Amino acid sequence: MFARLLAIVLLALSVSSARAQEKLPVVATFSILGDLVKNVGGDRIVVATLVQPNGDAHVFQPSPADAKTLADAKVIFMNGIGLEGWLDRLIKASGSKGRIVIAAKGIEPHEMKDDDAHGRAQKQAHAHKLDPHAWQSVANVKIYVANIRDALIAADPSGREAYEKNAAEYLRRLSAVENEIKGTVAKIPPAKRRVITSHDAFGYFASAYGIEFIAPQGVSTESEASARDVARIIRQIRAQKIPAVFLENISDPRLMQQIVKETGAKIGGTVYSDSLSGTDGPAATYIDMMEHNIRQFAAALID
Amino acid sequence: MNPYDFLVGPFIEFEFMRRALAGSLALALGGAPVGVFLMLRRMSLTGDAMAHAILPGAAVGFLFAGLNLFAMTAGGIAAGVTVAVGAGLIARSTGLKEDASLAAFYLVSLALGVLIVSIKGSNIDLLHVLFGTVLALDDATLILIASIATVSLVALAVIWRPLVLECVDPNYLRSVSRSGAPTHLVFLALMVLNLVGGFHALGTLLAVGIMMLPAAAARFWAKELTAMIALAIVMAVFSGYAGLLLSYHTGAAAGPAIILVAGIVYAASVLLGPVGGLKRHFVRVRHLEA
């Protein structure tokens, strides 16, 4: 009985490992990038994500398991623009031979709009004061998708057809999302296109779609808000009659609630900027996230 | 800008500044006396060890219930009391000294906390637990901190005599009364309570600062215990007020600004304090009177 059970287990193991070998093992540094890679790679690849959904890529603490994941990867996708300050050392330490692909390659990075921002993650980054959150503009993500497609084809030439087909299909869906966002913003009166959110990760969203974002904290979630910052925000909400304040899934909601209490601004739902929600959350994929965010903004800004 | 606008204006204009001030006032009232006793009992570093012991409890509470006041407080108190009382009992019933048993307990607690957090596989918001948010004290948090201050002051009044005796001459106390151990445990519990209150406002690590720095500074100005405690409270209150103003006017992070002011007060006391300060050329004070 035991021998038979063992045989079945061994058989199952060998089958599953054989099947795993057929797929191209790749790594994406954070959940949003992982979703994009999954969409382009389809069932020809296995994507591992280092920073899990709801985690914060600015202050990520890698574990030995992450180093092992990296060591096994054929391709490593990273955002670039100074987001993953911790990645270089981790890749070296893991001894990975995987090719490193910067997904944001070819994107014109924005400067951070706030000169006061001085988080530690930013200092560590090679690119000073550049805003890494380029994926908040769908147009940029189309460039990401092209980069991912080309990298996968280079690593796995026999899959060229599948990758090109997947990428084309996904680019079509992205265009639809982009149109939806622009259409929704057009319905918001221009004077009301102002939002406060606790983490200024929406710089690219702002310039692409014309909603102004004001943040009480700097670019890195590591920097703590000062009394002066909070006072400025409150004054600004009062003076400019900003209609809505938004929480974000990785910043301190207590601070936002205090600001809301003191100004009477409407409190919007949770929006996602740096990471996806878990699979049962409202932002399980990149497209879900963008659709969810614009719906939240519209709900708070349109009366 | 006239002095009124500079010194008082921010607190008139903004509710969050008033709340922060009320919070630091309560912290000062509860924490500074505990800090003075910690210092007199040569347990100044115990507060730091306890802050590490509390963090995992608070982190576990956070992981199960998010930024929930009750869960984080309960977790912090549970972890802190376990470590403090466990270490205290072992020190009193075995040959191991208090510092060694405390080190053993808090290191295990810290390791356990980090382990639980890493199993959960998410690093969100632990930095907020570390740094706290004195600018975002809601009603529940303020009531919690104020209650802790009240409990501390009442409890200190009740155990005052044995506590002072134990600071000065624990062997004498042991020979005349058996209240030494309970007094010690109540005192440790007070320390944990105040650290838990402090981490909601300042974060685990800085909470130790508002407890110990004013106590150490007051030591340079007063020989008599009651005066020392009163001075420590005044210095802690001043640090809270001046730190908030510093954060408001310069844009420095609020929690660290408060502790930094306390540090400046301490440095000034070391230099200028009449009781054993550098000014008196290392004159040694023989013993602190109780």
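Anything mentioned here points back to the structure above.
Worth saying up front: this structure is predicted, and the values here are computed from it rather than measured. (Residues numbered from 1 in each chain as written. Chains lettered and ligands numbered in written order. Predicted model: local features only at pLDDT ≥ 70, side-chain atom pairs only at ≥ 80, totals over all residues.)

> A description of helix H6 (residues 138-155) of chain A should follow, citing residues and the corresponding values.
Counted at 1.5 Å a residue, the expected span for H6(A) with its 18 residues is 26 Å, and the 25 Å between its end C-alpha atoms agrees. Among all positions of H6(A), only A:Val138, A:Asn140, A:Val141, A:Tyr144, A:Val145, A:Asn147, A:Ile148, A:Arg149, A:Ala151 and A:Leu152 are buried. (Helix = DSSP H or I, 4+ residues; strand = E, 2+ residues; numbered from the N terminus. Expected span 1.5 Å × (residues − 1). Buried ≥ 20, exposed ≤ 12 C-beta atoms within 10 Å, placed from the backbone.)

> So what about the sheet that holds strand S4 (residues 99-102) of chain A? Which residues, and what values?
Residues and elements named next belong to chain A. Read from one edge to the other, the open sheet built from four strands follows the order S2-S1-S3-S4, with strand pairing classed as parallel. Of all the strands in the sheet, the pair left with one neighbour each is strand S2 (45-51) and S4. Each adjacent strand pair in this sheet contributes to an overall mean axis angle of 25°, direction not counted. For strand S1 (residues 24-30) and S2, the ladder comprises six bridges, and the chain directions are parallel. Within the sheet, the bridge partner assigned to Val26 lies in S2 and is Val47. (Pairing = 2+ DSSP bridges. Axes fitted to C-alpha atoms, helices over the stretch in contact; angles between N-to-C directions.)

> Residues and numbers for the environment of A:Val195, please.
Residue and element names in this part refer to chain A. Relative to the helices and strands, Val195 resides in strand S5 (residues 194-197). Classification of Val195 by C-beta neighbours within 10 Å gives buried; the count is 25. Sequence separation between Val195 and Ile214 is 19 residues; the distance between their C-alpha atoms is 6.3 Å. In this structure, Val195 is in contact with Ile211, Phe213, Ala244, Phe246 and Phe297, ignoring residues within four places of it in sequence. (Contact = placed C-beta atoms within 7 Å.)

> If you had to explain the environment of A:Ile294 to someone new, which residues and values would you point to?
Residues and elements named next belong to chain A. In this structure, Ile294 sits in helix H11 (residues 286-301). The spacing of Ile294 and Val271 is 23 residues in sequence and 8.7 Å in space, taken between C-alpha atoms. With sequence-adjacent residues up to four places away left out, Ile294 is seen in contact with Glu180, Ile181 and Thr184.

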